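Reading the structure
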Amino acid sequence: MDEIEKRIARIVQKSTALKKAMQSLSTYLETEDRDETNATLRSKHIEGLFNEYVMNHEELISLQSDHPRITAFDDLQATYFDLASKVRKLRTPSRPFANSTMLNNTNVTFTERYDMPKLPPIPIPEFDGHHRNWTAWKNNFQSLIHDRTEFPGFVKHQRLKDAVKGLAAKVIGEFNPSDENYPLAWEALYSAYDQRRVVTNQHLDKLLKLHKITEASADALADLMYKVRQNVKLLKGMDVDIPDAIVVRLLEHSLPKSVESRWMDRLSSDKMPTLNELYEFIQNTIFKLRQMDDRSNNERVNKKRLADSKSWPPAKSQRMEARTLATTANTSTKHA
């Protein structure tokens, strides 16, 4: 098993641990003798596992984009949010809001009684108003906020208002946060930015305008592969299918000469490589470059330590020995 396979196995192991922990908490919350403190401690443990799982999920996509565990992300995320809401309700019993209660000094008025769930401890992504970032942001916001049925409309509207910046903020600026205005604000933003041709061209341009890497480095290659993966994935999400051969060729043109040369040495003259094969080659190259960087850093540290040790003052025993030799030499000189 190579290093990449070991890393994938470790990520899968982590996701399995998260799933088991959530199943255990779900079962515990169904028992009659459930305890608030016990449930809170379990929830805190799961929160740490989930945050690590989110980071590992992105890494798994870069390591093996067709891994079966990738498709399970949405289900695990939904389960986590549901459990977080249940534990919150257990800790804080429902308290209705009185009519005409004001929130955050805004003009939002409550005319119904709400049991307010605690939002999950995951940062809401920001949208800067550029079409090229719309699709990724929209998918994240819908998953975290828009599609969550337990959040009332005014909460969703407030989160939307906090998340959009620049020109996008002006699009929804005329709508004050409220249950009634949230669908209107979301529709206005959706109509302004969810323009299939414009968004598609933005992502295609990102692929067509990839910069040539002049010097092989792990960070530059990782950034290149991330950009290509992200844009290809978003285009496929809009039912725009780009042939592998085109993406492979665009990637090849962006590789530094040394890496491109090693890639060409692996290819046969009568078989077209797949995009996943190129992804795997780049990932292996990134891994090797990081190992080389680590070795170089270790060598520099060791050389510095050696140089520092030579410049240190001599030890006490060495100084005493030097004085003894000097005294002996002086005595011999006098007798002579």
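Everything quoted here is computed from the prediction, not taken from an experiment. (Residues numbered from 1 in each chain as written. Predicted model: local features only at pLDDT ≥ 70, side-chain atom pairs only at ≥ 80, totals over all residues. Heavy atoms only, no water.)

1. Considering the overall build of the protein chain
Scanning the protein chain for helices and strands turns up 13 helices and 0 strands. When the helices and strands of the protein chain are placed in sequence order, the string is α-α-α-α-α-α-α-α-α-α-α-α-α. With an accessible surface of roughly 21200 Å², the protein chain has 51% of that area assigned to carbon and sulfur atoms. (Helix = DSSP H or I, 4+ residues; strand = E, 2+ residues; numbered from the N terminus. Areas by Shrake-Rupley, 256 points an atom, 1.4 Å probe, with all protein chains shown as cover.)

2. A word on the nonpolar core
A general tendency of soluble globular proteins is for nonpolar side chains to be buried together. Within the largest apolar cluster, 62 residues are counted, with the highest numbers of intra-cluster contacts made by W137, L160, L189, V228 and I282. The residues touching V228, leaving out its near neighbours within four places in the chain, are L207, L210, V247, L251 and Y279. V12, L60, L63 and I70 belong to the second-largest nonpolar core, a separate cluster that totals 8 residues. (Core = buried A, V, L, I, M, F, W, Y, C linked by side-chain atoms within 4.5 Å. Buried < 20%, exposed > 50% of the residue type's maximum accessible area, 1.4 Å probe, protein only. Contact = heavy atoms within 4.5 Å.)

3. Some remarks on the packing of helix α5 (residues 153–163) against helix α7 (residues 181–193)
Across the interface, α5 lies against α7 with an axial gap of 8 Å and an inter-helix angle of 35°. Between α5 and α7 the crossing geometry is left-handed. In this structure, α5 contributes G153, K156, H157 and L160 to the contact, and α7 contributes N181, Y182, A185, W186 and L189. The residue inventory of the contact of α5 with α7, partitioned by class, reads 5 nonpolar, 3 polar and 1 charged. (Axes fitted to C-alpha atoms, helices over the stretch in contact; angles between N-to-C directions. Left-handed = near helix turned anticlockwise from the far one by under 90°. Nonpolar A, V, L, I, M, F, W, Y, C, P; charged D, E, K, R; others polar.)

4. What about the pattern of salt bridges?
Considering all chains together, one arrives at 9 salt bridges under this definition. Three or more residues joined by partner-sharing salt bridges are found here, namely D82, R148 and E150. (Salt bridge = Lys/Arg side-chain N within 4 Å of Asp/Glu carboxyl O.)

5. Details of the environment of V164
On the secondary structure map, V164 appears in the loop between α5 and α6 (166–172). Considered as a pair, V164 and W137 are 27 residues apart in the sequence and their alpha carbons are 9.9 Å apart. Not counting residues up to four positions away in its chain, the partners in contact with V164 are F127, W137, A169, I172 and L189.

6. Re helix α11 (residues 257–266)
Along an α-helix, residues three or four apart share an orientation, since each turn contains 3.6 residues. Those residues of α11 lying buried are V259, E260 and W263. Projected down its long axis, α11 shows its buried positions confined to an angular sector of 100°, all on one face. When the buried face of α11 is taken as reference, the exposed residues oriented beyond 90 degrees from it are K257 and D265. (Arc of directions from axis to C-beta.)

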